[in-house]
Amino acid sequence: MQTLAEIRTLLAQRGLSPKKSLGQNFLIDHNLIRRLVDAAAIEPGDRVLEIGPGTGALTIDLLERGATVVASELDDGLAALLADTLGGAYPETFTLVHGDCLAGKRSLAAPLLAAIGDQPFKLVANLPYGAATPLILTLLADHPACGGVWVTIQREVVDRLAASPGTKAYGSISVVAQAIGSVERLATLPPGCFWPQPGVTSAMVAIKRRDDPLTDNPRRLADFCQEAFAQRRKQLGPSLKRLGYVPKQWPDGVDPTDRIESLSPEIICHLERACRS
Ligand code: SAM
């Protein structure tokens, strides 16, 4: 376990200080770290992807539970610190990938992909908030080996992931997350749980991949939802036509005068399937 004093010392010894531009807000409540690892039910031999290990507070918990951890850290100073500390202490089970975890809005960086391989893994992380939404979406839509994500992110994003049809927070990311996984809010974290304190409230969320996903083509669903929700207030008939989607048959319970924002994830999955040529 790393205390706040230890994190400060680790940084100071290397002349580092938290960078706002990289979302460096370190989680200093150890009970919450344990809660995340418990929720992910980490067992010896599990493969874990951690994005943004920082000084390694969560990483140590994962490694102590016997997990094999692939961690992606963008910050040069923190990457050097991790290589020296965790790289030396856990040479068999800790792999550091120094660099950006994303290659774009919808793909993981190639070195990270190579390090993860194709075996099942879980994402467990206190995510850099700037990367949270694209990262979660691409892992759910494009990486079936990812069994789920257990993460700390902005509360506002958790609200969107868990939102119900007809609410303001309901959107593309709600449909994709709920069609592919079961979304569970684990905790709300006020700014005081972090050092330095972020400007927003955070939350922990678990999205466990469903055994019975509502779609057989998550990427297609994600693209469809992104386009359709860009016109969320428009009637579906004309709006889909403009986007080049023509349902072969309107699914039961959907009318061309409905708006996408009022439909459940299940119905939207039926609709997307009906629009395939
Ligand atoms: N895991 C630590 C903790 O729980 O205290 C630090 C979490 S901090 C919120 C986010 C971390 O992500 C920082 O270490 C930051 O340098 C790193 N980071 C930011 N953007 C990144 C990116 N695109 N790819 C990989 N790491 C990134």
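Keep in mind that what you see is a predicted model, and the values were worked out from it rather than measured.

Taken as a whole and assessed by the stated rule, the structure comprises three aromatic pairs. We note Lys-122 situated over the ring of Trp-150; from NZ or CZ to the ring centre the distance is 5.5 Å.

Attention now moves to the site of the ligand. Taken together, 21 residues form the shell around the ligand, and within it Leu-27, Gly-52, Glu-73, Asp-100 and Asn-126 come nearest. Here an oxygen atom of the ligand sits 2.9 Å away from a polar atom, N or O, in the side chain of Gln-24. Within the complex, 96% of the 600 Å² of free accessible area of the ligand lies under protein. Mapped onto the shell around the ligand, the elements with two or more residues apiece are strand 1 (26-27) and strand 3 (68-73). A class-by-class count of the residues in the shell around the ligand yields nine nonpolar, eight polar and four charged.

It is worth spelling out the domain arrangement of the protein chain at this point. Parsing the protein chain into structural domains produces domain 1 (4-209) and domain 2 (218-276). Summarising the inter-unit geometry, the C-alpha centres of domain 1 and domain 2 are found 32 Å apart. Counting residues at the interface gives 17 residues for domain 1, matched by 17 residues for domain 2. Summing the contributions of domain 1 and of domain 2, the shared interface buries around 1,200 Å²; its carbon and sulfur component is 61%. When the buried area of domain 1 at its contact with domain 2 is split by residue, Arg-106, Tyr-170 and Val-175 rank highest and sum to 37% of it. In this structure, Arg-106 and Asp-223 form a salt bridge, with 2.7 Å as the shortest nitrogen-oxygen distance. At the junction of domain 1 and domain 2, the tally comes to six residue pairs in polar contact (both at pLDDT 80 or more). At the level of elements, helix 6 (132-142) and helix 8 (172-180) are the ones that each hand at least two residues to the side of domain 1 that touches domain 2. The element best represented in the side of domain 1 that touches domain 2 is helix 8, accounting for six residues.

What follows concerns the pairing of strand 3. With five of its six residues buried, strand 3 lies for the most part within the structure. As paired strands, strand 2 (residues 47-51) and strand 3 are joined by five bridges and run parallel to one another. Directly across from Glu-50, in strand 3, lies its bridge partner Ala-71. For the crossover that starts at strand 2, traverses helix 3 (residues 57-64) and ends in the parallel strand 3, the hand is right-handed. In the sheet, strand 3 pairs with strand 4 (residues 94-98) via five bridges, with the strands oriented parallel. In the sheet register, Val-69 faces strand 4, and the bridge partner there is Phe-94. What joins strand 3 to strand 4 is helix 4 (residues 76-89), and the crossover it makes is right-handed.

This paragraph deals with the pattern of salt bridges. Applying the stated criterion across every chain, the model contains 15 salt bridges. The salt bridge involving Asp-223 is made with Arg-219; its shortest N-O contact spans 3.0 Å. Of this pair, Asp-223 and Arg-219 both sit in helix 9 (residues 218-229), four residues apart, which is roughly one turn of the helix. Residue class for Asp-223 comes out partly exposed when judged on its relative accessible area of 23%. If you follow the salt bridges from partner to partner, you end up with Arg-106, Asp-142, Arg-219 and Asp-223 in one network.

In terms of residue burial, helix 11 (residues 265-274) counts as a mostly covered element, since seven of its ten residues are buried. For helix 11, the complete set of buried residues consists of Pro-265, Ile-267, Ile-268, Cys-269, Leu-271, Glu-272 and Ala-274. Next to the buried residues of helix 11 lie helix 8, helix 9 and helix 10 (236-243).

Strand order in this open sheet of seven strands is 4-3-2-7-8-11-9, and the pairing throughout is mixed. Bordering the open sheet on either side are strand 4 and strand 9 (181-189), each of which pairs with just one other strand. Along the sheet, successive strands turn relative to each other by an average axial angle of 15°, direction set aside. As judged from the seven bridges shared by strand 8 (residues 146-154) and strand 11 (residues 202-209), these two strands associate in the antiparallel manner. What sits directly across from Thr-152, in strand 11, is Met-204. Those strands touched by helix 4 are strand 3 and strand 4, and its axis lies near 165° from that of strand 4. Against the sheet, helix 6 makes contact with strand 2, strand 7 (121-126), strand 8 and strand 11, and its axis sits at roughly 170° relative to strand 8, the strand it touches most.

Conventions used here
Residues numbered from 1 in each chain as written. Predicted model: local features only at pLDDT ≥ 70, side-chain atom pairs only at ≥ 80, totals over all residues. Heavy atoms only, no water. Phe/Tyr/Trp six-rings, centres within 6.5 Å; stacked < 30°, edge-to-face > 60°. Lys NZ or Arg CZ within 6 Å of the ring centre and 35° of its normal. Near = heavy atom within 4 Å. Polar contact = N/O pair within 3.5 Å; in protein donor to acceptor, adjacent residues only side chain to side chain. Areas by Shrake-Rupley, 256 points an atom, 1.4 Å probe, with all protein chains shown as cover. Helix = DSSP H or I, 4+ residues; strand = E, 2+ residues; numbered from the N terminus. Nonpolar A, V, L, I, M, F, W, Y, C, P; charged D, E, K, R; others polar. Domains from an automatic or database assignment. Contact = heavy atoms within 4.5 Å. Buried area = accessible area lost by both parts, 1.4 Å probe. Salt bridge = Lys/Arg side-chain N within 4 Å of Asp/Glu carboxyl O. Buried < 20%, exposed > 50% of the residue type's maximum accessible area, 1.4 Å probe, protein only. Pairing = 2+ DSSP bridges. Right-handed = clockwise from strand over helix to strand, strands pointing away. Axes fitted to C-alpha atoms, helices over the stretch in contact; angles between N-to-C directions.

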